[in-house]
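The primary structure of each chain is shown beneath.
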Amino acid sequence: MWSRLLSPRVSGRASLCWRSLFTMQLKTSEFQSLFTDGLNGLAEVFEKHQHELRIAGGAVRDLLSGKRPEDVDFATTATPEEMKHMFQTAGIRMINNKGEKHGTITARLHNESFEVTTLRVDVQTDGRHAEVEFTTDWQKDAERRDLTINSMFLGLDGTLYDYYRGYEDLQNRKVRFVGSAEQRIKEDYLRILRYFRFYGRVASEPGDHESETLTAIRENGHGLGAISGERIWVELKKLAVGNHAAHLLQLIYSLELAQYLGLPPDGDIDEMKRVWQNAKDRSPKPMTILAALFRSPEQVEKMDIRLKVSREEKNLALFLVKYRRELCKREDEPDSLKPFTDFIIDSRELDSQSKVCELLKYKGEEKLLSELSRWSIPRFPISGHDLRKLGITSGKEIGATLQKLRDIWKKSHYQMDKDELLSYVKL
Ligand SMILES: Nc1ccn([C@@H]2O[C@H](COP(=O)(O)OP(=O)(O)OP(=O)(O)O)[C@@H](O)[C@H]2O)c(=O)n1
Ligand SMILES: [Mg+2]
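All figures in this text were calculated on a predicted structure; none of them were measured in a lab. (Residues numbered from 1 in each chain as written. Chains lettered and ligands numbered in written order. Predicted model: local features only at pLDDT ≥ 70, side-chain atom pairs only at ≥ 80, totals over all residues.)

Draft legend 1. Highlighting the overall build of the chain. Counting its secondary structure elements, the chain contains 20 helices and 11 strands. Its C-alpha radius of gyration of 28 Å places the chain more than 25% over the 22 Å reference for a compact globule of 427 residues. Residues counted as buried form 35% of the 427 residues belonging to the chain. A fraction of 62% describes how many contacts in the chain between residues 6 or more apart in sequence connect residues 24 or more apart. (Helix = DSSP H or I, 4+ residues; strand = E, 2+ residues; numbered from the N terminus. Rg over C-alpha atoms; globule rule 2.2 N^0.38 Å. Buried ≥ 20, exposed ≤ 12 C-beta atoms within 10 Å, placed from the backbone. Contact = placed C-beta atoms within 7 Å.)

See below:
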């Protein structure tokens, strides 16, 4: 799927124009599916008022990579006021006006939302937020973006506008900041993690970084300390299950960033590399990879305080740290899956089967994983009611008998039915 649009099938002219602007004509048929009634309507309004409208940033990168973008952002030369006027005149509803300060207007057409942002320059940034000024200069808007591959625009007629060699970098699978890495990072420190995430998405090999980029990251890593845990976690999660994750996590340690990300200072890199090899092709959850770094439950608690992960994610980390050594195959048990199914049967943990599946990914137990994924938890056929019917009345005795029967049932590989089990009850 990669590079459908980057292939020689890309048609038409490629030219180097004014101020190193590279333009190229793409076949609109390649992104035809984006042209819904809503987008056609939107384009019509901008055309009528003679304002330019282009697809911007990440969506262009995705389209050029043959990937359908999850969200499509639009950029325009129209100011928010002009957009509001245009939409009001055309009777188009606008929603969610909180983006307006940063130039974003969200229009609803044919039950679709379109986020359109006025070209802008970030005049002042504090490493997290930006004060913006509107412009009609496309290059200036490209210049404030983080990575060259994220700085392109695509006209609805198929013209690609590329000021910072994003196209070439995408083709060569290079991840580079627009202009000065240091400056781009200082505008928003989260970009350090975005750099790693896109490295995983784009680069073909680990270790292909520019030294200037790594220096800028190392020198500005402390800035991550002021970024909210929620934003960090969104990026870290994607990075942990992307390509080259072991390399990137190791890099996070060697660039001394771990302390700002809620990761343990003495993270177990060797274990993490092993686990990544074991799990990477088995759709692990992000926490399955990251848990390998933790040496104790206390370190998980600290990570949670910093990143505010979900309860489910935290419980998975605690589960893996606790059971990665305790829950294993047993020499005396010919059925290798049995310790795991027994654990699930006895467990009071929520969603224990999916946690044990993650544990098997962690350990690289491929065969057991596929068996366990197909296994459905059998129902223990005896209840307290059944024992009461046999005349056992003491609650304590019912509890103890149920436990004994449960052990017998487990030994039978969950095969014994109610009658067989009740025959063990001595009255
Ligand atoms: N810290 C950031 C976040 C975003 N952007 C710019 O805003 C665009 C859209 O941002 P967003 O949707 O958050 O990221 P995408 O690059 O689209 O990635 P994803 O596929 O995760 O949506 C990016 O492509 C980039 O041009 C940026 O420069 N700096
Ligand atoms: Mg996006």
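Draft legend 2. Looking closely at the pairing of strand β9 (residues 130-134). Of the pairings in the sheet, the one linking strand β8 (residues 120-125) to β9 comprises five bridges and is antiparallel in character. Residue V121 lies in a different strand from β9, and its bridge partner there is E133. Adjacent in sequence and paired antiparallel, β8 and β9 are bridged by four residues, among which G127 carries a positive phi angle near 85 degrees. (Pairing = 2+ DSSP bridges.)

Draft legend 3. Representation of the environment of R231 within the structure. With respect to the secondary-structure elements, R231 resides in helix α9 (residues 229-240). Sequence separation between R231 and H49 is 182 residues, and the spatial gap between their C-alpha atoms is 37 Å.

Draft legend 4. Structural context of the pairing of strand β4 (residues 73-76). Bridge count for strand β3 (residues 53-56) against β4 is four bridges, and the pairing is antiparallel. Across the sheet, the residue bridging to A56 is D73, located in β4.

Draft legend 5. Quick peek at the packing of helix α14 (residues 311-326) against helix α16 (residues 352-363). Taken N-terminus to C-terminus, the directions of α14 and α16 make an angle of 55 degrees; their axes are 10 Å apart at the nearest point. Relative to α16, the element α14 lies oblique. Read as a crossing pair, α14 and α16 show a hand that is right-handed. The segment α14 lies against α16, with L316, F319, L320, Y323 and R324 engaging K355, E358, L359 and Y362. Of the residues that constitute the contact of α14 with α16, the class distribution is six nonpolar, no polar and three charged. (Axes fitted to C-alpha atoms, helices over the stretch in contact; angles between N-to-C directions. Parallel < 35°, antiparallel > 145°, perpendicular 65-115°, else oblique. Left-handed = near helix turned anticlockwise from the far one by under 90°. Nonpolar A, V, L, I, M, F, W, Y, C, P; charged D, E, K, R; others polar.)

Draft legend 6. Inspection of the site of ligand 1 at higher detail. Residues in close proximity to ligand 1 total 13 residues, the closest being G57, G58, R145, D146 and N150. A class-by-class count of the residues in the shell around ligand 1 yields one nonpolar, four polar and eight charged. (Near = placed C-beta within 6 Å.)

Draft legend 7. Representation of the environment of K389. Within the fold, K389 resides in helix α18 (residues 384-389). Among the residues examined, K389 registers 10 C-beta atoms within 10 Å and is labelled exposed. It is 70 Å that separates the C-alpha atoms of K389 and F74, two residues lying 315 residues apart in sequence.

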